[in-house]
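Residues per chain are reported as follows:
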Amino acid sequence: MPYDIENRLVVGLASSALFDLQHSDAVFREKGERAYRVYQREHQDQPLEPGVAFPFVRRLLALNALDPANPPVEVVLLSHNDPDTGLRVFNSIEHYGLGIQRAVFQQGRSPHEFIPAFNISLFLSANETDVQQAMALGLPAGLVLDSHAADDPEDEELRLAFDFDGVLADDESEQIYQQGDLEQFQQHEKDRADIPHNPGPLKDFLAKIARIQQLEQERSESESDYRPRLRLAIVTARSAPAHARVIKTMRSWDLMVNDAFFLGGVEKRRVLEVWAPHIFFDDQRGHLDATAGVSPSVHIPFGIANQ
């Protein structure tokens, strides 16, 4: 029977985001494809170590327990490997008990063109070229940055943090800020507080995550002992009066988040170190270079901030 992906949250994942491939990649770079193939075959039953996106993906897939008969989350592996060398990745997925069954293997080619075919709302990779090419096509992609943030396996909550401009919304306001100054930006946003922003690259991802949060809310209402796992936050450099347009834009999209931090120049790292998201999305590398030490961080290379 056909498998419905239209009404699910589908995340596309490169093996470089899910697992630590530093040693494997070094073999490929230093000794070539033939040696890499031999190495992967010899180690195909040796599980790869978890990578930066692993804690996020593990918790995301755990949400399928909300409806095992019709799981709300699908994760698809998108790989540069051919099926033979990719076997180690699938064996590692099985070792960790991750419910990932679908994959695209394209030997030596970027698989990002298959993002629309699988109705993917977010593609994560540690390959900057793949991410840039996907974004150039208007596809929702993020670059997973190196991070040494510790994961607490006993923590079952899934916390997702989003910058607003250039991530959830477009970069209209960021353009105003880049062309003027803070006072001009604040006045621009105050004057347009009732005009919703156009969606940014991760708005659809947030909308589908919000549907799962609604499933959790319904379950908690029917089962008093159920504790919702998903928690969503906006972490933005905006402050009052520019906060109002963010809130009203979210209302116009019929979306809510649990928390919002309007920091007005306070370093995002200071807040994220306390809130401890399992993944944080921002369009500016300057912010992410500081946050990657305390939180798994993803660069969304969108808009004027990345030109």
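This text follows the structure it describes.
On a predicted model such as this, the values are computed, not experimentally measured, just so you know. (Residues numbered from 1 in each chain as written. Predicted model: local features only at pLDDT ≥ 70, side-chain atom pairs only at ≥ 80, totals over all residues. Heavy atoms only, no water.)

Q: Pulling in residues and values, what's your account of the overall build of the protein chain?
A: Counting secondary structure elements, the protein chain contains 12 helices and 10 strands. Whereas a compact globule of 307 residues would reach a radius of gyration of roughly 19 Å, the protein chain reaches 20 Å, a difference of no more than 12%. With respect to the principal axes defined by its C-alpha atoms, the protein chain has extents near 60 × 50 × 35 Å. With 307 residues in all, the protein chain has 50% of them scored as buried. Considering only contacts within the protein chain whose residues lie at least 6 apart along the sequence, 74% involve residues at least 24 apart. (Helix = DSSP H or I, 4+ residues; strand = E, 2+ residues; numbered from the N terminus. Rg over C-alpha atoms; globule rule 2.2 N^0.38 Å. Buried < 20%, exposed > 50% of the residue type's maximum accessible area, 1.4 Å probe, protein only. Contact = heavy atoms within 4.5 Å.)

Q: Account for the sheet that holds strand β4 (residues 122-125), with residues named and values stated.
A: The pairing of strands in a sheet comes from backbone hydrogen bonds and takes either a parallel or an antiparallel form. What the 10 strands build is an open sheet, ordered β3-β2-β1-β4-β5-β10-β9-β6-β7-β8; its pairing is mixed. Looking at the sheet topology across the chains shown, the edges are occupied by β3 (102-105) and β8 (259-262). Mean inter-strand twist for the sheet, computed between neighbouring axes without regard to direction, equals 25°. With 3 bridges joining them, strand β6 (residues 158-162) and strand β9 (residues 279-282) adopt parallel strand pairing. Bridge pairing links Phe-162 to Phe-281 in β9. (Pairing = 2+ DSSP bridges. Axes fitted to C-alpha atoms, helices over the stretch in contact; angles between N-to-C directions.)

Q: Give a detailed account of the nonpolar core, specifying residues and quantitative values.
A: One finds Leu-124, Leu-160, Phe-205 and Phe-281 to be the most contacted residues of the largest nonpolar core, which totals 80 residues. With 6 residues, the single largest contributor to this core is helix α9 (residues 203-222). If we skip the residues at most four places from it in the chain, Leu-124 touches Gly-12, Leu-13, Ala-14, Ala-17, Ala-53, Phe-56, Gly-142, Val-144, Ile-279, Phe-281 and Val-298. (Core = buried A, V, L, I, M, F, W, Y, C linked by side-chain atoms within 4.5 Å.)

Q: Let's hear about unusual backbone geometry: which residues, and what values?
A: The omega angle of the peptide bond from Ala-240 to Pro-241 is 5°, so this bond is cis rather than trans. Looking at the element boundaries, Pro-241 is found in the loop between β7 (230-236) and α10 (243-252). Phi angles above zero are rare outside glycine, and Asn-119 is one such case at about 55°. Within the secondary structure, Asn-119 sits in the loop between β3 and β4. One non-glycine residue with positive phi stands out, namely Asp-254, at about 60°. Along the chain, Asp-254 turns up in the loop between α10 and β8.

Q: Please set out the pairing of β4 residue by residue, giving values where relevant.
A: Of the two faces of β4, the one lined by Leu-122 and Leu-124 and the one lined by Phe-123 and Ser-125 are each fully buried. In this structure, β4 lies alongside strand β5 (residues 141-144), joined through 3 bridges in parallel fashion. In the sheet register, Leu-124 faces β5, and the bridge partner there is Gly-142. With helix α6 (residues 128-136) bridging β4 and its parallel neighbour β5, the resulting β-α-β unit is right-handed. (Right-handed = clockwise from strand over helix to strand, strands pointing away.)

Q: With reference to specific residues and values, describe the packing of helix α7 (residues 172-179) against helix α8 (residues 182-191).
A: Each pair of packed helices gets described by two things: the angle between the helix axes and the distance between those axes. For the pair α7 and α8, the least separation of the axes is 7 Å and the interaxial angle reads 150°. The angle between α7 and α8 falls in the class roughly antiparallel. As for the relative orientation of α7 and α8, their crossing is right-handed in sense. Counting all contacts with α7, which are made through Glu-172, Ser-173, Ile-176 and Tyr-177, the residues of α8 involved are Leu-182, Gln-184, Phe-185, His-188 and Glu-189. Tallied by class, residues from the contact of α7 with α8 come to 4 nonpolar, 3 polar and 2 charged. (Parallel < 35°, antiparallel > 145°, perpendicular 65-115°, else oblique. Left-handed = near helix turned anticlockwise from the far one by under 90°. Nonpolar A, V, L, I, M, F, W, Y, C, P; charged D, E, K, R; others polar.)

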